[in-house]
Amino acid sequence: MIYLDHAAATPVSDKVFKAMKPYFTTDFYNPSAAYLPAKKVSADYEAAKATIAHAIGAKASDLVITAGATEANNLAFTATKARILYLETEHDSVRRVAEARGGKPIRVLPNGLVDLKDLRERITDETELISIALVNNELGTIQPLSEVSRIIREVKLDRMKRGIRKQLLLHSDASQALTLLDINVARLGVDLLTLNAAKVYGPKGVGALYVSHDARLHPLTVGGGQENGLRSGTENVPGVIGFAKAVELAKDHLNGNRKKYAAWRKILLSELKDYELINKKHALDSFVVICYDGIDAERLVFLLEECGVYVATGAACAASKGVRSHVLAAIGLSESQIAGSLRLTLGETNTMEQVREAAEMINDVVKKEKKFRAKRSMAFI
Ligand code: PLP
């Protein structure tokens, strides 16, 4: 099996699993309990939060642990009831909540980057929150967040001069970013940042929201008052321990992984045949999005699965609902280009040999599919 869908899910790494295990069995205590073993669990939980926070240049007290990135994104949007702007290529967990709160989309350029001119024009005196993912989950595009935050600072300064005291926060969904980017919240200039353990070889259903001192959030659920009252419910201790270990490992291997994926991407691009590269620039090297115009990529996914190669046509959630990619539409691809696009995402389950083998199998399957289509159209003549 050659798995090329690491943007959809990553396996929990052995070291992560090993770190988590005691907290399911021997160290199972509720961190809020009064006895000593529970206090130790509570201390371990806080230390794990600190590890995650330090990895993005923050403190443990700045993080709210959630049950995944979807919840973290939803929580971020409780920062305001006023005007929201969001990038049109956002993941549904941002797009849907932004739309539900009357948010307006910001356009992207054909290369997938935020259109900064459009952003400037759309910010009004009413705007309180802007949401732009650090890395797009379909294209791997890395957004220039420090440029966005510079624009936000200028707007804030101008507002101050005119006596307008409205907040203007920047939220970023960094779900796909932790494996290959060195994230620092101050450098990025974000007020709210979503993290996702499931995309970095940690457990599914664990995420975090970084919250700066300027942001005032409202809990989505109420109860025991955990996570500073922002996320009630008994802490997911094994999940957070695993998340911290995964973050630590990602940090340790950042440079090596960047080089590895850059080399593998080059191999794919040189060995694959007759394709159009969609994410040419500004993307993580682990994302290779290619298009076979006129071919049905859904069929390619199915035929490749039969050969033991797992790939995707776009976001897993969109693909399972059979809806066309709003991301590929936003960068201006035609209907037939969208229908013919494949997303290959490299990761730790792969080897260089697998990458070469996958390229060969994709070439074969595409060739067969082209022949099949040619025969079928001849039959209609
Ligand atoms: N945001 C992005 C960019 C994602 O890629 C995903 C998952 O695919 C999510 C949010 C949602 O994450 P989860 O399903 O773990 O809540």
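Everything below is about the structure printed above this text.
Being a predicted model, the structure only gives us computed values, none of them experimental.

## Considerations on the packing of aromatic side chains
Part 1: Taken as a whole and judged by the stated rule, the model has three aromatic pairs.
Part 2: Summarising the aromatic geometry, the rings of Y29 and Y35 are spaced 6.0 Å apart at their centres and angled 75° between planes, so their arrangement reads as edge-to-face.
Part 3: Look at Y29 and you get partly exposed, because its relative accessible area is 23%.
Part 4: By relative accessible area, Y35 is classed as partly exposed at 47%.
Part 5: Counting every residue linked through ring pairs, the aromatic cluster contains F28, Y29 and Y35.

## Observations concerning the packing of helix 3 (residues 69-76) against helix 4 (residues 92-100)
Part 1: Running from N to C, helix 3 and helix 4 point in directions that differ by 30°, and their axes come no closer than 9 Å. Viewed along their axes, helix 3 and helix 4 adopt a mutual orientation that is roughly parallel. Taken as a pair, helix 3 and helix 4 cross one another with a handedness that is right-handed. Along its contact with helix 3, which presents T70, N73 and N74, the element helix 4 presents S93, V94 and V97.

## Some details on the environment of Y23
Part 1: Within the element layout of this structure, Y23 appears in the loop between helix 1 (14-20) and helix 2 (36-55).
Part 2: Placed 215 residues apart in sequence, Y23 and P238 show a C-alpha to C-alpha distance of 5.1 Å.
Part 3: Apart from residues lying up to four places away in sequence, Y23 is in contact with F28, K40, D44, V237, P238 and I241.
Part 4: Of the polar contacts made by the side chain of Y23, one reaches the side chain of D44; its length is 2.6 Å.

## Some remarks on the sheet that holds strand 6 (residues 169-173)
Part 1: An order of 2-8-7-6-5-3-4 is seen for the seven strands of this open sheet, with the pairing classed as mixed. Single-partner strands in this sheet number two, and they are strand 2 (63-66) and strand 4 (104-106). For this sheet the average axis-to-axis angle between neighbouring strands, irrespective of direction, equals 20°.
Part 2: Across the sheet, helix 6 (residues 145-161) lies against strand 5 (127-131) and strand 6, angled at about 165° from strand 6, the strand it touches most.

What counts as what
Residues numbered from 1 in each chain as written. Predicted model: local features only at pLDDT ≥ 70, side-chain atom pairs only at ≥ 80, totals over all residues. Heavy atoms only, no water. Phe/Tyr/Trp six-rings, centres within 6.5 Å; stacked < 30°, edge-to-face > 60°. Buried < 20%, exposed > 50% of the residue type's maximum accessible area, 1.4 Å probe, protein only. Axes fitted to C-alpha atoms, helices over the stretch in contact; angles between N-to-C directions. Helix = DSSP H or I, 4+ residues; strand = E, 2+ residues; numbered from the N terminus. Parallel < 35°, antiparallel > 145°, perpendicular 65-115°, else oblique. Left-handed = near helix turned anticlockwise from the far one by under 90°. Contact = heavy atoms within 4.5 Å. Polar contact = N/O pair within 3.5 Å; in protein donor to acceptor, adjacent residues only side chain to side chain. Pairing = 2+ DSSP bridges.

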